[in-house]
Amino acid sequence: MIDLERKAEDRLIDLGLREVLAEEEIAVADPPSRRLRGVLELAAVAAAVLLLLLVPPLAPRGGLATPDDDPDAPRLVFRRGDDGEAGTVATMLRRRLQLAGVEGRVTAGEEGRVTVDFPEDVARVTFDRMKEVLLRRGMVEMLPVAPADVVPEDPGAAAPPGYRWVPEAGSKGRRLVEVPASSKERFTSRDFNRSRIGVEKGAAGLGWVVMVAMNRERRSPPGEFEARIAGSVYAIVVDGEIVAAARVVDRPSGLFLIRGGGRDGFDRATAEDLALVLSAPPLPARVEIVSSRPPDPVPSERLVVPGERVGPYQLGQPGKNADTTGEPGVMIDWAIAGNAVVINIRVTTDRYRTAEGIGVGSTVADVYRAFGAPGTDPDEHDGALAYPGIMFVPDGDRVGSFRVHYGTEER
Amino acid sequence: MDESTIRIPERAARALRRPLVRYLRLLGCDAARAEDLAQEAFVALLDGPFEYRGEAPALAWLRETARRKFLAGLREDARRRAEAWTDAADRVWDRLAGESGGDHLPALRACLADLPAADRRLLEEKYVEGRSRAAIAAATGKTEKAVKGRLERVRNRLRECVKRRLRP
């Protein structure tokens, strides 16, 4: 009994430490009172003068620079859009960064502002992704998609009773979803067991899938819940928009798979982003971006990862015959191996650049300086690249397109 | 006694007892618990609507019954443990968190302020930055065991400090 009490005391102290230390970290980041700030500002000026006199000048990107005093460091500044504690928003944003495995320092400031400072060498693709992920409030609903016989033929018609139209993210379309009368049939992110959400490569044709486990309370009584939900098509609604139409498949372990709608399912990045949103608690208030300072495009931009991905497209996605993505200006063709998995992606766009900043439109001279073997004939680009996994196709004296290779398998 | 009037021949019962106990040991029972559950399964067999059709079906029936009793026992144990835990947690809550539910937090803040800077930093790494013991150990050049021990010592110190401050 005493052991249990000791265990309970430890747990209460543990929880208290998490709470108190997080509060104190935010309080340290918050500016001090106005009077004290005046004194501190004077002290800071005096210290700066002293430093200028005593310390030799540092290189512009010297090792002593911190996100606070480096005017070029990548940074996002948010402001809460309605009532909500900036400190709590900061804690939630910090949690999202942790879940995404992205380094960043989150501080709450005056007027509901929350600043996220990224390391100087953060990849542009990571910065852009986090910008999108952090901006979301993350209110998640999982609602059954209406059966076809309920959907009105006129797409402009009002929703039948018990249903509502929900816009689809990234398109002008909308879908009819059921709004169950009973809370037992409605699921939100609170019903998920957040520690058991992840992604995995699905079976052939499924693309990447998101694994979700419901809380034990929502799975009660055992068996009945699984039977009710299995095989149903659900819309995953995030902040009022459908981000995925998902089929939920029951599993003996109590895990459920959410697979993307459409023929090819989710790609890995989309599945990971969805898993992140489902895993993180929603923000207590909406936020908006006040300012955004992305990382320098060169040399930190890593939109092309050899052997893995070009921008949002990655190896391992199910093959496609289409050569466009629906995204203006982005043309893609896919090389497909015998197992119907993409092993080569060729992108024609001026948006994607390599880790070294070489992209479509770069001069061939640039390319050879970075990748080519010395003295190589520019026309022998196929076999002469020193940088494994990437191949450039010249167009005149410029790069017409580049390819990302899976090891040495593709030619 | 006429053998046809009993639900299972005595020789069969004797023969089945050993594999049933073996099965229960496989499930994780200690010897005494396995004997008890086997006994309960035989009692259920004798009390229930069971028709003897040979040793194999009888063993299957006994196994299923014993398995259910084993699971029921686990559930009962878990319930008892959970009750003991919630009772203990309630006592600690009343004593430390108090009626406000947060009486211990000011005391904890005060105790944290008295900690050496290195201990404070260790707690921040663990509780704010969410770093694992292994990651802290790698960064500080210590062993994971050493980090674990130090975290325990700091936490013990904080716990005693909080209790001291809350003592009437």
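Residues numbered from 1 in each chain as written. Chains lettered and ligands numbered in written order. Predicted model: local features only at pLDDT ≥ 70, side-chain atom pairs only at ≥ 80, totals over all residues. Heavy atoms only, no water.

Participant: Help me get a handle on the overall build of chain A, residues and values and all.
Facilitator: The helix and strand inventory of chain A stands at 7 helices and 20 strands. Counting the 411 residues in chain A, one finds 40% classified as buried. Intrachain contacts of chain A at a sequence separation of at least 6 include 61% that bridge at least 24 residues. Accessible surface, chain A as shown: approximately 21800 Å² in total, 53% of it carbon and sulfur. (Helix = DSSP H or I, 4+ residues; strand = E, 2+ residues; numbered from the N terminus. Buried < 20%, exposed > 50% of the residue type's maximum accessible area, 1.4 Å probe, protein only. Contact = heavy atoms within 4.5 Å. Areas by Shrake-Rupley, 256 points an atom, 1.4 Å probe, with all protein chains shown as cover.)

Participant: For the sheet that holds strand β13 (residues 287-293) of chain A, give the residues involved together with the corresponding values.
Facilitator: All names here are of chain A. Overall, antiparallel pairing links the 4 strands, which are arranged β2-β3-β1-β13 in an open sheet. At either margin of the open sheet sits one strand with a lone partner, and together these are β2 (105-108) and β13. Strand-to-strand, the axes of this sheet are offset by a mean angle of 20°, without reference to chain direction. Alignment of strand β1 (residues 75-80) against β13, held across 6 bridges, turns out to be antiparallel. Note that in β13 the partner of F78 across the bridge is I289. (Pairing = 2+ DSSP bridges. Axes fitted to C-alpha atoms, helices over the stretch in contact; angles between N-to-C directions.)

Participant: Describe the interface of chain A and chain B, with residues and values.
Facilitator: Tallying the contact residues gives 23 residues for chain A and 28 residues for chain B. For the pair chain A and chain B, the summed buried area comes to about 2500 Å², and 66% of that belongs to carbon and sulfur atoms. Joining chain A to chain B, the criterion identifies 7 salt bridges. Summed over the shared surface of chain A and chain B, the result is 7 residue pairs in polar contact (both at pLDDT 80 or more). A total of 21 residues in the side of chain A that touches chain B trace back to one element, the largest contributor, which is helix α1 (residues 2-29) of chain A. Residues belonging to the side of chain A that touches chain B are distributed by class as follows: 9 nonpolar, 2 polar and 12 charged. (Buried area = accessible area lost by both parts, 1.4 Å probe. Salt bridge = Lys/Arg side-chain N within 4 Å of Asp/Glu carboxyl O. Polar contact = N/O pair within 3.5 Å; in protein donor to acceptor, adjacent residues only side chain to side chain. Nonpolar A, V, L, I, M, F, W, Y, C, P; charged D, E, K, R; others polar.)

Participant: Would you mind going over the state of the cysteines in detail, with residue names and values included?
Facilitator: What is meant by a disulfide is a covalent connection between two cysteines, made through their sulfur atoms. Residue and element names in this part refer to chain B. Taken as a whole and judged by the stated rule, the model has 1 disulfide over all chains. The residue that forms a disulfide with C111 is C161, at a sulfur-sulfur distance of 2.0 Å. Residues C111 and C161 are joined by a disulfide whose S-S torsion is about -90°; by sign, that bridge is left-handed. Taken together, the residues C111 in helix α4 (residues 104-113) and C161 in helix α7 (residues 144-166) connect sequence positions 50 residues apart. The pair C111 / C161 is uniform in exposure class, with both members buried. (Disulfide = S-S within 2.5 Å.)

Participant: I'd like a rundown of the pairing of strand β3 (residues 113-117) of chain A, residues and numbers included.
Facilitator: A regular strand places its side chains on the two faces of the sheet in alternate fashion. All names here are of chain A. For β3, the buried fraction is high: 4 of the 5 residues fall into the buried class. Pairing of β1 with β3 involves 5 bridges; the strand directions are antiparallel. Its bridge partner lying in β3, L76 is registered against V116. Here 4 bridges tie β2 to β3, and the two strands are oriented antiparallel to one another.

Participant: So, the packing of aromatic side chains: which residues are in play, and what are the values?
Facilitator: All names here are of chain A. Going through the model one piece at a time under the given rule, you end up with 1 aromatic pair over all chains. Plain terms: the ring middles of F118 and F127 are 5.3 Å apart, the flat faces sit at 65° to each other, and that makes the pair edge-to-face. The class of F118 is buried, set by a relative accessible area of 2%. The exposure class assigned to F127 is buried, which follows from its relative accessible area of 1%. Between R174 and the ring centre of W165, over which it is positioned, the NZ or CZ distance is 4.1 Å. (Phe/Tyr/Trp six-rings, centres within 6.5 Å; stacked < 30°, edge-to-face > 60°. Lys NZ or Arg CZ within 6 Å of the ring centre and 35° of its normal.)

Participant: A description of a negative patch on the surface should follow, citing residues and the corresponding values.
Facilitator: All names here are of chain B. On the surface, D87, D90, D94, E99 and D103 cluster together into a negatively charged patch. Inspection of the secondary structure puts D103 in the loop between α3 (55-97) and α4. Residue classification places D103 among the partly exposed positions, given a relative accessible area of 34%. (Patch = residues over 30% accessible without salt bridge, like charges linked within 9 Å, V, L, I, M, F, W, Y side chains within 5 Å. Lys, Arg positive; Asp, Glu negative; His and termini not counted. Charge placed at Lys NZ, Arg CZ, Asp CG, Glu CD.)

Participant: Outline α4(B), supporting the account with residue identities and numerical values.
Facilitator: Because an α-helix packs 3.6 residues into every turn, residues spaced three or four apart end up facing the same way. Among all positions in α4(B), only H104(B), L105(B), A107(B), L108(B), C111(B) and L112(B) are buried. Taken around the axis of α4(B), the buried residues stretch over an arc of 160°, which confines them to a single face. (Arc of directions from axis to C-beta.)

Participant: Run through the side chain of D273(A), naming residues and quoting values.
Facilitator: Position of D273(A) relative to the elements: it lies in helix α6 (residues 268-279). Apart from the residues lying within four places of it in its own chain, the contact partners of D273(A) are R129(A), V133(A) and R136(A).

Participant: Outline the packing of helix α2 (residues 31-47) of chain B against α3(B), supporting the account with residue identities and numerical values.
Facilitator: All names here are of chain B. For the pair α2 and α3, the least separation of the axes is 9 Å and the interaxial angle reads 125°. Taken together, the axes of α2 and α3 are oblique relative to one another. Considering how the two elements wind past one another, α2 and α3 form a crossing that is right-handed. Residues R33, L37, E40, A41, F42, A44 and L45 of α2 lie in contact with α3, whose contacting residues are W61, L62, T65, A66, K69, F70 and G73. Classifying every residue of the contact of α2 with α3 by side-chain character gives 9 nonpolar, 2 polar and 3 charged. (Parallel < 35°, antiparallel > 145°, perpendicular 65-115°, else oblique. Left-handed = near helix turned anticlockwise from the far one by under 90°.)

Participant: Residue-level account of the packing of helix α1 (residues 10-27) of chain B against α3(B), with values.
Facilitator: All names here are of chain B. Orientation of α1 relative to α3, taken along the N-to-C sense of each, is 40°, at an axis distance of 10 Å. The pairing of α1 with α3 is recorded here as oblique in orientation. Here α1 runs over α3; the crossing is right-handed. Between α1 and α3, the residues in contact are A12, A15, L16, P19, L20, Y23, L24 and L27 and E55, A58, L59, L62, R63, A66, R67 and F70, respectively. Residue composition of the contact of α1 with α3, grouped by class: 13 nonpolar, no polar and 3 charged.

Participant: Mind laying out the confidence of the model for chain A, listing which residues take part and the relevant values?
Facilitator: Residues and elements named next belong to chain A. Mean pLDDT over chain A stands at 64; residues scoring 70 or higher make up 49%. Here residues 26-68 is modelled with pLDDT under 50, and outside its nearest four sequence neighbours on either side it reaches 28 contacts, counting other chains as well. Contacts of residues 297-303 to residues separated by more than four positions or lying in other chains number 25 contacts, the stretch itself having pLDDT below 50. (pLDDT = per-residue confidence, 0-100.)

Participant: I'd love a proper account of the side chain of S279(A), names of residues and values included.
Facilitator: All names here are of chain A. When you line up the elements, S279 lands in helix α6. From its side chain, S279 meets the backbone oxygen of A275 in a polar contact 2.5 Å long. For S279, the contacting residues outside a window of four places in its chain are L99, R194 and I197.

Participant: Could you give me a rundown of α3(B), with the residues and numbers involved?
Facilitator: All names here are of chain B. End to end, α3 covers 60 Å across 43 residues, agreeing with the expected 63 Å (1.5 Å per residue, within 8%). Listed in full, the buried residues belonging to α3 are A58, L62, T65, A66, F70, G73, A88, V92, L96 and A97. Positive backbone phi, at 70°, marks G98, one or two positions downstream of α3. (Expected span 1.5 Å × (residues − 1).)

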